[in-house]
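Tertiary structure, described
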Amino acid sequence: MATHLPIRATIREDLAAAMERDPAATSRWVVLLTSAGLHAIWLHRIAHRWWVRPGGKWPARLLAYVSRSLTGIEIHPGAHIGRRFFIDHGMGVVIGETAVVGDDVMLFHGVTLGGTSGRRVKRHPTLGDKVMVGAGAKILGDVHVGSNVKVGANSVVVKDVPTGAVATGIPARYRFPALEGTPELSPQELLYADPALFI
Ligand SMILES: CC(C)(COP(=O)(O)OP(=O)(O)OC[C@H]1O[C@@H](n2cnc3c(N)ncnc32)[C@H](O)[C@@H]1OP(=O)(O)O)[C@@H](O)C(=O)NCCC(=O)NCCS
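Taking an unreviewed UniProt entry as the reference, the chain is identified by name as Serine acetyltransferase belonging to Janibacter indicus. Entered under Catalytic activity (unreviewed entry) in the UniProt record, the comment concerning the chain runs "L-serine + acetyl-CoA = O-acetyl-L-serine + CoA". What the UniProt record of the chain gives under Pathway (unreviewed entry) is the line "Amino-acid biosynthesis; L-cysteine biosynthesis; L-cysteine from L-serine: step 1/2."

Once that is clear, we can look at the overall build of the chain. Across its full length, the chain carries 5 helices and 15 strands. Here the chain holds 199 residues, and 45% of them are scored as buried. Residue pairs at least 24 apart in sequence account for 34% of intrachain contacts in the chain once pairs closer than 6 positions are excluded. For the chain, the accessible surface area stands at approximately 10,700 Å², while carbon and sulfur atoms represent 59% of it.

Glancing now at the pattern of salt bridges. Scanning the model with the defined rule gives 8 salt bridges in all. For arginine 21, the salt bridge identified is with aspartate 104, shortest N-O distance 3.6 Å. In this pair, arginine 21 sits in helix α1 (residues 7–21) while aspartate 104 sits in the loop between β5 (100–101) and β6 (106–108), placing the two residues 83 residues apart along the sequence. When salt bridges with common partners are traced through the structure, they connect Glu13, Arg21, Arg83, Arg84 and Asp104 into a single cluster.

All residues adjacent to the ligand are His89, Phe108, His109, Met132, Gly134, Ala135, Lys150, Gly152, Ala153, Val166, Thr168 and Arg175. Within the contact set of the ligand, an oxygen atom lies 2.7 Å away from a backbone nitrogen or oxygen of alanine 135. In this structure, arginine 175 approaches the ligand through a side-chain N or O atom, which is 3.3 Å from an oxygen atom. Considered on its own, the ligand offers 910 Å² of accessible surface; in the complex 41% of this is hidden by protein. Residues of the shell around the ligand, tallied by class, amount to 5 nonpolar, 5 polar and 2 charged.

Overall, parallel pairing links the 5 strands, which are arranged β1-β4-β7-β10-β13 in an open sheet. At either end of the open sheet lies a strand with only one pairing partner, and these are β1 (74–75) and β13 (156–157). Where strand β7 (residues 112–114) meets strand β10 (residues 138–140), 3 bridges bridge the pair, whose relative direction is parallel. The partner of threonine 112 across the bridge, within β10, is lysine 138.

Turning our eyes to something else, we now look at the sheet that holds β5. Pairing is parallel across the open sheet formed by 4 strands, whose spatial order is β2-β5-β8-β11. Each end of this open sheet is capped by a strand with a single partner; those strands are β2 (80–81) and β11 (144–145). Note that strand β8 (residues 126–127) and β11 share 2 bridges and pair parallel. Following the sheet pairing, threonine 126 is matched in β11 by histidine 144.

This next bit is on the environment of glycine 82. Within the fold, glycine 82 resides in the loop between β2 and β3 (86–88). When its relative accessible area of 0% is taken as the criterion, glycine 82 is described as buried. Along the primary structure glycine 82 and glycine 102 are separated by 20 residues, whereas in three dimensions their C-alpha atoms are 4.7 Å apart.

This next bit is on unusual backbone geometry. Put simply, isoleucine 170 and proline 171 share a cis peptide bond, and its omega is -15 degrees. Assignment of secondary structure puts proline 171 in the loop between β14 (166–168) and β15 (173–175). Unusually for a residue other than glycine, histidine 89 sits at a positive phi of about 70 degrees. With respect to the helices, strands and loops of the structure, histidine 89 is situated in the loop between β3 and β4 (94–95). The backbone of asparagine 154 sits at a positive phi, close to 65 degrees, despite the residue not being glycine. Structurally, asparagine 154 is set in the loop between β12 (150–151) and β13.

Cut-offs and rules
The numbers attached to residues start from 1 for each chain and follow its sequence in the written order. Reporting in this predicted model follows two pLDDT cut-offs: at least 70 for local features of residues, and 80 or more for side-chain atom pairs to be given and counted; totals over whole chains, interfaces and linings ignore these cut-offs and use all residues. In computing side-chain values, all of the structure's heavy atoms are included and hydrogens and water are not. UniProt positions are given in the numbering used here, feature names are shortened, and annotations may be inferred rather than shown by experiment. Only runs of H or I of at least four residues qualify as helices and only runs of E of at least two qualify as strands under DSSP, and these elements are numbered from the N terminus. Working definition: with a 1.4 Å probe on protein chains only, accessible area under 20% of the residue-type maximum means buried, over 50% means exposed, and in between means partly exposed. Residues are treated as being in contact if the distance between any of their heavy atoms lies within 4.5 Å. In these tables, accessible area is a Shrake-Rupley quantity obtained with a 1.4 Å probe, and a residue counts as shielded only by the protein chains included in the view. When a carboxyl oxygen of Asp or Glu is within 4 Å of a side-chain nitrogen of Lys or Arg, the pair counts as a salt bridge. We call a residue near a molecule or strand when any one of its heavy atoms sits within 4 Å of it. Under the rule applied, a polar contact is a pair of N or O atoms within 3.5 Å (in protein, one hydrogen donor and one hydrogen acceptor; residues adjacent in sequence only if both atoms are side-chain atoms). Amino acids are sorted into nonpolar (Ala, Val, Leu, Ile, Met, Phe, Trp, Tyr, Cys and Pro), charged (Asp, Glu, Lys and Arg) and polar (every other residue, Gly among them). Any two strands between which DSSP finds at least two bridges are classified as paired.

Encoded structure:
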């Protein structure tokens, strides 16, 4: 989950995560200078530090606005984003104020982590670690997406998704590819087959 590493260390590990996950990335310098996803997360990390300080809300909002204008990626400064976060392509990504994103998460362009309530409550999703959200997917409301989940491109997730699942479709339904090929198992049998799926 989100931690306050020194800014240089954060930049280094975000950059390494981008190099690792983007097969088109061949040069660190090119990625450093041209990845809108990285620029957006770095500006967000600064904006979030301001957001949680007394009197910091206005400058945080202003920086988020500048970031959106430059990158096409809108991350509310209140959102909690974990380490080694990467947005590939980026354009059209929206992340709401009360979203919580774990470590090693990757989003593609057009993803929304959005709210479904007009009330000032926790109204955006919580994503575990190592989640991948495909291009154009929407995850809506205060739903929980477990670790190691993959959300298919253009899917709409409106309910919790358990750890290890692949969620696709509108509304998204999930399956456990790690267990495919095994005879149909009850949830209790699944637990014994691979307890990690439920952690
Ligand atoms: C969801 C995803 C992770 C599944 O990958 P996978 O586990 O390798 O699954 P497969 O490709 O073997 O497909 C399994 C089934 O899911 C279906 N499926 C795959 N992606 C889907 C999607 N986005 N929406 C609906 N159904 C989907 C397939 O048609 C297939 O159905 P079938 O079993 O009835 O034939 C992948 O398809 C995906 O959407 N990745 C996002 C990639 C992305 O956004 N790239 C953008 C690059 S710019």
